[in-house]
Structure formats: C-alpha cells, structure tokens
Amino acid sequence: MNQTSLICGSLAIDIIMQYEGRFGDTLLADQLHKVNVSFLVPTMRTEFGGCSGNIAYNLKLLGGDPRIVGVMGQDCAAYLERLQKLGISTQNILIKKDAYNAQCFVTADSDNNQINAFHPGAMSFAHENDIEAAGPARIAIISPDGHLGMLKHAEDLARLGIPFVFDPGQQLPMFTPEQLLKFIDQATYVTCNDYEIELLMDRTGLALDDIAARVEALIVTRGEKGSEIYTAGQRIDIPAVEAAVLDPTGCGDAYRAGLLYGLSHDLGWETTGRLASLLGAIKIAHKGAQNHWFTREEIADRFEQAFGYRF
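Residues numbered from 1 in each chain as written. Predicted model: local features only at pLDDT ≥ 70, side-chain atom pairs only at ≥ 80, totals over all residues. Heavy atoms only, no water.

Chemist: What should I look at first to understand a nonpolar patch on the surface in this one?
Modeler: Among the surface-exposed residues, Leu32, Val35 and Val37 lie close enough to one another that they form a single nonpolar patch of about 240 Å² accessible area. By the secondary structure assignment, leucine 32 is in the loop between β2 (12-18) and β3 (43-49). (Patch = residues over 30% accessible without salt bridge, like charges linked within 9 Å, V, L, I, M, F, W, Y side chains within 5 Å. Areas by Shrake-Rupley, 256 points an atom, 1.4 Å probe, with all protein chains shown as cover. Salt bridge = Lys/Arg side-chain N within 4 Å of Asp/Glu carboxyl O. Helix = DSSP H or I, 4+ residues; strand = E, 2+ residues; numbered from the N terminus.)

In structure tokens:
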C-alpha cells in the first residue's frame with residue numbers, strides 16, 4: 001500500500017543569536033519611534049528548519065515515507081545534502097536560482113525575549129511547484145508556505161482526490177475569511193494550536209464544532225495541556241507527555257509528523273494523537289528543530305513507557 005506523505009511547506013534556515021543582556025535595558029519606551037540600536041551577540045548558531053523540513057525529518061525517523069514539495073534558493077546545497085543523507089527525497093523541491101532560501105534571523109536576550117526578522121525568499125514561489133509531479137500519495141499536509149502556493153496546493157490536492165491536513169500556522173492571517181472557509185471545505189483534516197483556532201474561528205465566523213463538522217477531524221494542540229481531537233461528533237483528549245522544556249521551536253511540526261504517520265498507517269485517533277504528543281515532547285527537550293534523534297524501535301519503547309502499550 002502506498003504510504004507516501006506529501007509535505008507541502010517552507011524550507012528555511014534559522015540563524016539564532018544570543019544577546020547576553022536584556023532588550024529592555026537598551027530600548028527606551030518613549031523613543032521607539034526612532035530606534036537605532038545594536039546588540040552584541042557573542043554566540044550564533046545555524047539550524048535547518050522550515051515546516052516541511054521539520055515535519056519530513058520527524059516522519060522519516062518514524063519510518064514514514066515523506067516527500068517534500070517545497071522551494072529553495074541558490075544557497076540550497078547544504079540543506080539538500082542533509083536531506084539526501086537522511087534518505088528524504090528532494091526530487092520535488094523546486095530550486096529558484098535568483099532567490100535565497102527562506103531565512104529567519106532570531107536574536108534572543110537573557111529573558112528569552114526575541115527580535116526576529118524573516119526573509120521569505122524562495123518560499124514566495126511555492127505556487128510554481130506543481131504538486132501533481134510528486135505522484136500519488138496516501139496523505140498530504142499543507143503547512144505554512146508562500147500563501148499563493150498554499151492556495152494552489154489545496155486546490156490541486158482536492159482535484160487529485162488526495163486527502164490532506166490543513167495546517168495554516170503563522171500564515172493564517174494572510175488569508176481572507178472566504179479563502180479560509182474554502183481551505184476547510186477542501187481539507188480532510190484541520191490542525192491548529194490554541195491561539196490559531198481562536199483566530200480561525202474569529203476570521204471565519206465558525207464555532208469550533210462547526211469547523212469539526214466540516215472535516216473528518218479537527219486537531220487542536222494546547223501545549224502542556226495536551227491536545228484535543230474532534231471527530232465523528234466526539235472529542236478525544238490526548239495527554240501531554242512530560243518533558244524537560246529546552247526549546248519549543250519545531251514542536252508543532254514534530255506533532256504533525258506523528259499525525260501523518262498515524263493516519264497513513266491506520267493507527268486510530270487515540271494512538272495517533274498520543275504518538276504525535278510523544279514526538280512533540282521528544283523535540284522540546286532539544287535545541288533546534290532537527291537535532292533530536294530516535295529509531296522506530298526506540299520510539300515504540302518510549303510510547304509503551306508513556307501509555308502502557310505499543311503502537
């Protein structure tokens with residue numbers, strides 16, 4: 001049986017810098033209209049990221065079959081080499097030679113406040129990447145990407161009859177209420193965090209139960225409070241897995257990889273949600289979105305320790 005998962009979304013490089021002081025000691029509240037400051041950042045690290053890269057990384061560790069549908073720029077060599085070494089197909093990654101990879105420049109202070117700058121770069125051309133060229137698949141996910149690409153990929157997946165998860169993430173404000181309603185009606189599943197679901201309800205005028213009724217399942221993540229799966233008129237509560245919190249970056253993507261694995265392997269909603277929760281907990285205990293590691297057997301053991309049975 002075809003268990004390929006098409007992963008539509010951003011591929012990005014994160015440049016993370018640490019300022020040892022506090023932004024509040026330098027930024028003057030009454031002078032923010034004419035800011036001209038510089039922060040000395042003694043430490044800097046580069047991380048591979050982007051929603052599709054993070055989801056595919058976790059799904060591959062689980063033993064899934066991810067196929068990324070994304071766009072990269074002229075500075076793609078290191079990331080492509082990494083994906084190929086991991087055994088993740090790069091065949092459907094479009095390379096734009098006249099653009100740079102999407103990049104996020106993060107400066108954090110000693111209180112974990114952040115000043116970020118995001119350059120979308122090649123991600124803006126996601127609509128030029130033909131999803132039909134990726135071939136047949138069991139399931140797909142539309143995660144945050146160029147907003148024109150998200151619109152086109154949803155239309156194409158619906159036309160091709162490939163069930164997909166709509167995961168608007170931080171791109172949600174980019175869409176009109178009408179576009180969001182169309183996404184929901186085209187999608188098979190919708191997933192949001194606790195902030196995003198409130199925004200989605202506000203923008204569409206739909207109540208949570210209304211959204212759930214339009215799809216096979218609505219998944220809402222709530223951080224340390226766990227997550228909820230609304231399906232077939234019922235609510236399934238998924239507990240959070242206790243973890244040492246080090247870096248939340250990429251936790252949502254790890255969770256979504258668990259969803260895709262469970263859906264493509266018919267694990268049922270209880271097990272699928274718990275697997276997703278476990279992956280999020282493993283990720284949060286590591287810095288960066290793609291620096292944790294586990295084997296399929298190790299994750300099965302940890303699942304049994306957490307929930308009392310093997311998946």
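We are not done yet, so read on.
Chemist: What is the right way to read the pairing of strand β1 (residues 4-8) from this model?
Modeler: Of all five residues in β1, five are buried, a share of seventy percent or more. Residue alternation in β1 divides its side chains into two sets, Thr4, Leu6 and Cys8 and Ser5 and Ile7, and both sets are buried. Inspection of the sheet shows β1 paired to strand β8 (residues 139-142) by four bridges, in the parallel sense. Each bridged residue has a counterpart across the sheet, and for leucine 6 the counterpart in β8 is alanine 140. (Buried < 20%, exposed > 50% of the residue type's maximum accessible area, 1.4 Å probe, protein only. Pairing = 2+ DSSP bridges.)

Chemist: Looking at this model, I keep getting lost on the sheet that holds strand β6 (residues 102-108). Mind explaining?
Modeler: The mixed open sheet is built from four strands, whose spatial order is β3-β2-β6-β7. Each having just a single partner strand, β3 and β7 (114-119) make up the two edges of the open sheet. Adjacent strand axes in the sheet meet at a mean angle of 15°, parallel and antiparallel pairs treated alike. Examined bridge by bridge, β6 and β7 share six bridges and lie antiparallel to one another. Looking at β7, one finds that cysteine 104 is bridged to phenylalanine 118. (Axes fitted to C-alpha atoms, helices over the stretch in contact; angles between N-to-C directions.)

Chemist: How should helix α2 (residues 77-85) be read in this particular structure?
Modeler: An α-helix turns once per 3.6 residues; consequently, residues spaced three or four apart project the same way. Taken together, the buried positions of α2 are Tyr79, Leu80 and Leu83. Buried residues of α2 fall within an arc of 100° about the axis and therefore sit on the same side. The exposed set on the far side of α2, more than 90 degrees from its buried face, consists of Ala77 and Lys85. Contacts from the buried residues of α2 go to β2, β3, α1 (51-62), β4 (65-73) and β5 (93-96). Glycine 87 occupies a position one or two residues after α2 and carries a positive phi of about 80°. (Arc of directions from axis to C-beta. Contact = heavy atoms within 4.5 Å.)

Chemist: Just to check I follow, could you spell out the environment of leucine 218 for this structure?
Modeler: Relative to the helices and strands, leucine 218 resides in strand β11 (residues 217-221). Linking leucine 218 and leucine 59, residues 159 residues apart in sequence, is a C-alpha distance of 20 Å.

Chemist: Can you help me understand the packing of helix α3 (residues 147-160) against helix α4 (residues 177-186) in this one?
Modeler: Look at α3 against α4: their axes get within 10 Å of each other, and the N-to-C directions meet at 30°. When the interaxial angle is binned, α3 and α4 end up roughly parallel. Viewed along their axes, α3 and α4 form a crossing whose handedness is left-handed. Each of Met150, Leu151, Ala154, Glu155 and Ala158 in α3 lies in contact with α4, whose residues at this interface are Gln179, Lys182, Phe183 and Gln186. Within the contact of α3 with α4, the residues separate by chemical class into five nonpolar, two polar and two charged. (Parallel < 35°, antiparallel > 145°, perpendicular 65-115°, else oblique. Left-handed = near helix turned anticlockwise from the far one by under 90°. Nonpolar A, V, L, I, M, F, W, Y, C, P; charged D, E, K, R; others polar.)

Chemist: Could you clarify how one ought to interpret the packing of aromatic side chains in this entry?
Modeler: Working definition: an aromatic ring pair is given by the centre-to-centre distance plus the angle between the planes. Per the counting criterion, the structure on display carries 11 aromatic pairs. Between phenylalanine 303 and phenylalanine 307, the ring centres sit 4.9 Å apart and the planes meet at 55°, which makes this aromatic pair tilted. Of this pair, phenylalanine 303 and phenylalanine 307 both sit in helix α9 (residues 296-307), separated by four residues, roughly a single helical turn. The same class applies to phenylalanine 303 as to phenylalanine 307, namely buried. (Phe/Tyr/Trp six-rings, centres within 6.5 Å; stacked < 30°, edge-to-face > 60°.)

Chemist: Would you mind going over the pattern of salt bridges with me for this structure?
Modeler: Side chains bearing opposite charge may pair, as long as their charged atoms lie close to each other. Under the defined criterion, the tally for this structure stands at 20 salt bridges. The salt bridge involving arginine 274 is made with glutamate 270; its shortest N-O contact spans 3.7 Å. In this pair, arginine 274 and glutamate 270 are both assigned in helix α8 (residues 269-284), four residues apart and thus about one turn of the helix distant. The network of salt bridges with common partners includes Glu132, Lys152, Asp156 and Arg159.

Chemist: I'm lost on the nonpolar core in this one. Help?
Modeler: In summary, soluble globular proteins display a tendency toward joint burial of nonpolar side chains. Grouped together as the largest cluster of nonpolar side chains are 49 residues, with contacts concentrated most on Trp269 and Ile299. With sequence-adjacent residues up to four places away left out, isoleucine 299 is seen in contact with Leu62, Leu275, Leu278, Leu279, Ile282, Phe294 and Phe311. By size, the runner-up hydrophobic cluster in this structure holds 34 residues, among which are Leu6, Cys192, Leu206 and Ala212. (Core = buried A, V, L, I, M, F, W, Y, C linked by side-chain atoms within 4.5 Å.)

Chemist: Is there a simple way to explain the side chain of asparagine 54 in this structure?
Modeler: Summarising the element assignment, asparagine 54 is placed in helix α1. For asparagine 54, the contacting residues outside a window of four places in its chain are Phe48, Gly49, Gly250, Asp253, Ala289 and Gln290.

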